[in-house]
Amino acid sequence: MAAEGSDSEDLSSNGLIEAPSAPEAMEAVQPPPETVEATEENGGELASEASEAATAYNMPLAENEEEDGELPADFDRLWKLAHDNPQDFSSWTDLLQYCEQESHMTASRRSLVAFLARYPLCYGYWKKFADLERRAGYTNKAQEVCVQGLKAIPLSVDLWIHYINLLLGTLNMNLAESSQRIRSAFEEAVAAAGLDFHSDRLWELYIEWEKEQGDMRAASGVYDRVLRVPTQLYSSHYDKFKTHLNTHAPKDVLSAEEYGRLLEECKQSHKIEKAEQAEGEEEIPPGEEKEPTEEELIPKMRELLLARREKVFQDLEGEVRKRWNFEDAIKRPYFHVKPLDRTQLRAWHSYLDWELTQLDAGDEQEVRTEVEPEGMEGWEEIKKEDNNGSNSSGIVAGGDQRVRILFERCLIACALYEEFWTKYIQYLEPQSLDEARAVFRRACEIHLAHKHTMHLQWATFEERHGDLNEARRVLEALETSVPGLAMVRLRRAGLERRAGRLDESEALLRDAVAQAKETPHLHAFYSIKLARLLLKLCKNPSKARGVLQEALEISPDNSKLHLNLLELEVSGDPRGSAEGVQLCVSRALAAPLSPRTKILFSQRGLQYAEDYGTSVHSVLTVYEEHQKLLKELGNKKRGAENGDNEDPDKMLKGEDGSALPATPQPPPTMPHVPITTPPPPMMGADMSAGYGYGGWYQVEQPQYGGYGGYQQPWNYNQGYYPPS
């Protein structure tokens, strides 16, 4: 539940906010629809902007209403500031404050519609919007504003009360249908927000309204329901209920059927008591027994009623006591863009974990929330339970409904924290994919529109459950709203590859390569990804070779490109790739690479010649060139790495630990080619370990778009398996 503040609070600075309830909590008010956020960066398209935002919440624009004249002088400037940076909450509040000060209807309406499309949890601004329409004489529009607000935040007790008071102030209560509409609104309210721990004001308003209507039976029914819900003011409700029973005769607060049963029970009890008292005394002749009147039995009936309610109250008090410390630890139950401290986050986690354990501890004991006003269904249920010997009092304590309500309350204060949305989805997914999908949509399209990890989880969710088109749509929308994320483009390519659409996967990577030409490191990364796809899956080494060679023209100093090109050449048929391998090595030696890297490539070329050379002369030629390179680059390498802590002598050792000779030895009559490199990896296996290609994922890369380097984004566990 949101903080309960008065209308006079300055909501423009923080906007006390409520969260949506569980999807099934109310029938008339559905979960929030998709929001269509305006993206214009200038004030010249105000009508279009307002129209888009209005469409998001089905808010009708005043097409036939007279305009207030020209917009205020600073409106365009403040509007542009807010839309240039829509995540800046203060720019929106500045715009809303200015429109309110200017008392300009059109400007205020457009600003509120656009603001609430982005921050729909701000119940205070929904109230301001409704009051704005009501003061302007548009009563129906004021009611529509409240209804749309309640679709977005069904748990808002304050907004429900505001809506009901609006109906009470505008409907003609002399009409029978007006009373029925008010009662229906109350029923929708308690169904949506009645299980909130802080929903006492809503229940009290409902009870008082029924009393004003003179329907004491209906008031008793509402009392019976609230006394089964753990709320903050549970004791006050019980005291008022006892006063209610003692003030009115039982026949005025009970249904005719229930009253008849209770009266008969009291008469039988009275006869038993009289019989016990008459033991040993003269028997009264038949027909002369004096039956007690209904008035005489009223105290007895009240005693029985309160005795039954006392057990319910004791059970209720126990449930409240269990939750009291958790509720007391929550200091900010409303939404704000300011981050929560760790203590508050831990408090929510602890409360949710505890409620989930209550769900697993036992079966839920629920009570119907729908009660006919004329009857006392709750009383009949309690009597039935008592007659059956059940110890259950019908308290709505644990179970799925309370877990969902608590999650929705949590997503008020923690709407900007992915961990709570993920936790809620993990709870809902085994029960209903549609409900889990609705939570994903609410999180990604409204509250976490720019949090890419949540969108990636959503796309994974859709792919896992077979909806590839929706997964594509989610990833495409994310790439449009947050461009430049390499992770997203790779996920799109991976989705198409897993779907068997290699041509689409290739096209996506080629497009990424083309767009990244101005960023050499990113261009090289995409080129390597594309080349691997062409080589490993498309079985087209010539295309893969062309991609890497084109990339080397842009980034000749990128060792990863050289290494991947070498892998491609080495993976081919040894009988026809020797020339390609040596050409690749020669290209690397001629490139502006470090001495250490050049020696590494030379070693790889020598290893390949030793393993697959067709003549000893070709092997000796490569060996002599390698020894010459060691002698030529040895001093350069030491000079370039003079400040490095690594021992230069170690750099000249082979990977198997054998030292390289300092100078080439003259070849004997029968030349012996020393083993200068480690044994070759098994062909057909992954060459990345031997050639260090896996290092691409470990090396520190420059950050793109402020979303982290390559090291972290390529951790697929982050998006494919939501964190536990």
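Residue positions within a chain follow its written sequence, with the count starting from 1. Owing to the predicted nature of the model, reporting of local features is limited to residues with pLDDT of at least 70; listing and counting of side-chain atom pairs is limited to 80 or more, with chain, interface and lining totals taken over all residues. The side-chain quantities take in all heavy atoms of the structure and omit both hydrogens and water.

## Some points on the overall build of the chain
We count a stretch as a helix when DSSP gives it H or I for four or more residues in a row; a strand needs E for two or more, and each element gets its number in order from the N terminus. Check the secondary structure of the chain and you find 32 helices and zero strands. Exposure is judged per residue with a 1.4 Å probe applied to protein chains only, and the accessible area is read against the type maximum: over 50% gives exposed, under 20% gives buried, and values in between give partly exposed. Expressed as a percentage of its 724 residues, the buried residues of the chain come to 50%. Put simply, 68% of the contacts in the chain that link residues at least 6 apart link residues at least 24 apart. Accessible surface area values rest on a Shrake-Rupley calculation with a 1.4 Å probe, where residue burial reflects the displayed protein chains alone. For the chain, the exposed area adds up to about 34,200 Å²; of that, 48% sits on carbon and sulfur atoms. By definition in these notes, contact holds between two residues if any of their heavy atoms fall within 4.5 Å.

## Digging into helix H21 (residues 468-481)
In this scheme, a helix's expected span is set at 1.5 Å multiplied by one less than its residue total. The end-to-end C-alpha separation of H21 is 20 Å, in line with the 20 Å expected for 14 residues at 1.5 Å each. The inward-facing, buried residues of H21 abut helix H19 (433-447), helix H20 (452-464) and helix H22 (486-498).

## Quick notes on unusual backbone geometry
Of note, the phi angle at Ser103 is positive, near 55°, even though the residue is not glycine. As for its position among the elements, Ser103 is in the loop between helix H3 (89-102) and helix H4 (105-118). The exposure class assigned to Ser103 is exposed, which follows from its relative accessible area of 62%.

## Details of the packing of helix H9 (residues 200-212) against helix H11 (residues 234-247)
Running from N to C, H9 and H11 cross one another at 15°; their axes reach a closest spacing of 11 Å. By the angle between their axes, H9 is roughly parallel relative to H11. Where H9 crosses over H11, the two elements pack in a sense that is left-handed. Here Asp200, Glu204 and Lys211 of H9 come into contact with H11, specifically with Tyr234, His237, Lys240 and His244. To get an axis, fit a line to the C-alpha atoms, keeping to the stretch in contact for a helix; angles then go from 0 to 180 degrees between the N-to-C directions. Orientation categories follow fixed angle ranges, with anything under 35 degrees roughly parallel, anything over 145 roughly antiparallel, 65 to 115 roughly perpendicular, and all other angles oblique. Each helix crossing is assigned a hand: it is left-handed if the near helix lies turned anticlockwise from the far helix by less than a right angle, otherwise right-handed if that turn is clockwise.

## Here's the deal with the nonpolar core
The set of buried Ala, Val, Leu, Ile, Met, Phe, Trp, Tyr and Cys residues whose side-chain atoms join them within 4.5 Å is what this entry labels a nonpolar core. With 87 residues, the main nonpolar core has Leu95, Phe115, Trp160, Leu202 and Met301 as its most contacted residues. Examining the composition of this core, we find that ten residues originate from one element, helix H14 (residues 294-329), more than from any other. Grouped together as the second largest cluster of nonpolar side chains are 42 residues, Leu345, Trp348, Trp458 and Leu478 included.

## Some words on the packing of aromatic side chains
Classification of ring pairs rests on two measures: the distance between centres of Phe, Tyr or Trp rings, Trp counted by its six-membered ring, which must be within 6.5 Å, and the angle between planes, read as stacked under 30 degrees, edge-to-face over 60 and tilted in between. Counted by the stated rule, this structure contains 21 aromatic pairs. On the basis of an interplanar angle of 10° and a centroid distance of 5.1 Å, the ring pair of Phe326 and Tyr351 is categorised as stacked. With Phe326 in helix H14 and Tyr351 in helix H15 (residues 342-361), this residue pair connects regions lying 25 residues apart in the sequence. Look at Phe326 and you get partly exposed, because its relative accessible area is 21%. Through a chain of ring-to-ring contacts, the aromatic side chains of Phe89, Trp92, Phe115, Tyr119 and Tyr125 assemble into a single cluster.

## Let's talk about the pattern of salt bridges
Should a side-chain nitrogen of Lys or Arg be within 4 Å of a carboxyl oxygen of Asp or Glu, the pair is scored as a salt bridge. In the structure shown here, the tally under the stated rule is 41 salt bridges. Between Arg492 and Glu479 there is a salt bridge, with its nearest N and O atoms 2.4 Å apart. Here the residue Arg492 occupies a position in helix H22, and Glu479 occupies one in helix H21, the gap between them amounting to 13 residues. Among the charged side chains, a salt-bridge network with shared partners connects Glu476, Glu479, Arg489, Arg492 and Asp511.

## Some words on the confidence of the model for the chain
Reading predicted coordinates in detail is not appropriate for stretches of low pLDDT. Per-residue confidence for the chain averages 76 on the pLDDT scale, and 69% of its residues sit at or above 70. Residue-level confidence of the predictor is summarised by pLDDT, bounded by 0 at the bottom and 100 at the top. Summarising per-element confidence for the chain, the mean pLDDT is lowest in helix H32 (residues 717-720) (37) and highest in helix H18 (residues 418-428) (96). Note that pLDDT drops below 50 for residues 363-391; the model gives that stretch 67 contacts with residues more than four away or on any other chain. Residue range residues 639-724 is modelled with pLDDT below 50. Its contacts to residues more than four positions away, or to other chains, number 134 contacts.

## Describing the side chain of Ser199
Tracing the backbone shows Ser199 in the loop between helix H8 (176-193) and H9. Polar contacts, as used here, are pairs of N or O atoms within 3.5 Å; protein pairs need one atom able to donate a hydrogen and one able to accept it. Residues neighboring in sequence count only if both atoms are side-chain atoms. Polar contacts involving the side chain of Ser199 include one to the main-chain carbonyl oxygen of Asp196, which spans 2.8 Å.

## A few points about the state of the cysteines
Note on terminology: disulfide denotes any pair of cysteine sulfur atoms within 2.5 Å. For the coordinates displayed, the defined rule picks out zero disulfides. Counting only cysteine sulfurs, Cys410 is the nearest neighbor of Cys414, a cysteine outside any disulfide, at a range of 3.9 Å. Take Cys414: its relative accessible area is 0%, and that puts it in the buried class.

## Focus: the environment of Ser586
Residue placement: Ser586 occurs in helix H27 (residues 574-590). Separated by 16 residues in the primary sequence, Ser586 and Ser602 have C-alpha atoms spaced 8.4 Å apart.

## Some remarks on H8
With 18 residues, H8 ought to run about 26 Å at 1.5 Å a step, and its terminal C-alpha atoms sit 26 Å apart, in line with that. Taken together, the buried positions of H8 are Ser178, Ser179, Ile182, Arg183, Ala185, Phe186, Glu187, Ala189, Val190, Ala192 and Ala193. If you follow the buried residues of H8, they end up packed against helix H7 (157-170), H9, helix H10 (216-226) and helix H17 (400-413).

## Some thoughts on the packing of helix H2 (residues 75-84) against H4
Contact geometry of H2 with H4 gives a least axis separation of 12 Å together with a crossing angle of 5°. Comparing the axis directions of H2 and H4 gives the class roughly parallel. For the pair H2 and H4, contact is made by Phe75, Trp79 and His83 and by Ala107, Arg110, Ser111, Ala114 and Arg118, respectively. Each residue is assigned to one class: nonpolar for Ala, Val, Leu, Ile, Met, Phe, Trp, Tyr, Cys and Pro, charged for Asp, Glu, Lys and Arg, and polar for all the others, Gly among them. Residues belonging to the contact of H2 with H4 are distributed by class as follows: four nonpolar, two polar and two charged.

## Re the environment of Leu478
One can find Leu478 in helix H21. Judged by relative accessible area, Leu478 falls into the buried class, the value being 0%. Along the chain, Leu478 and Glu445 lie 33 residues apart, while their C-alpha atoms are 9.9 Å from each other. Non-local contacts of Leu478, meaning those with residues more than four positions away in its chain, are made with His452, His455, Leu456 and Val488.

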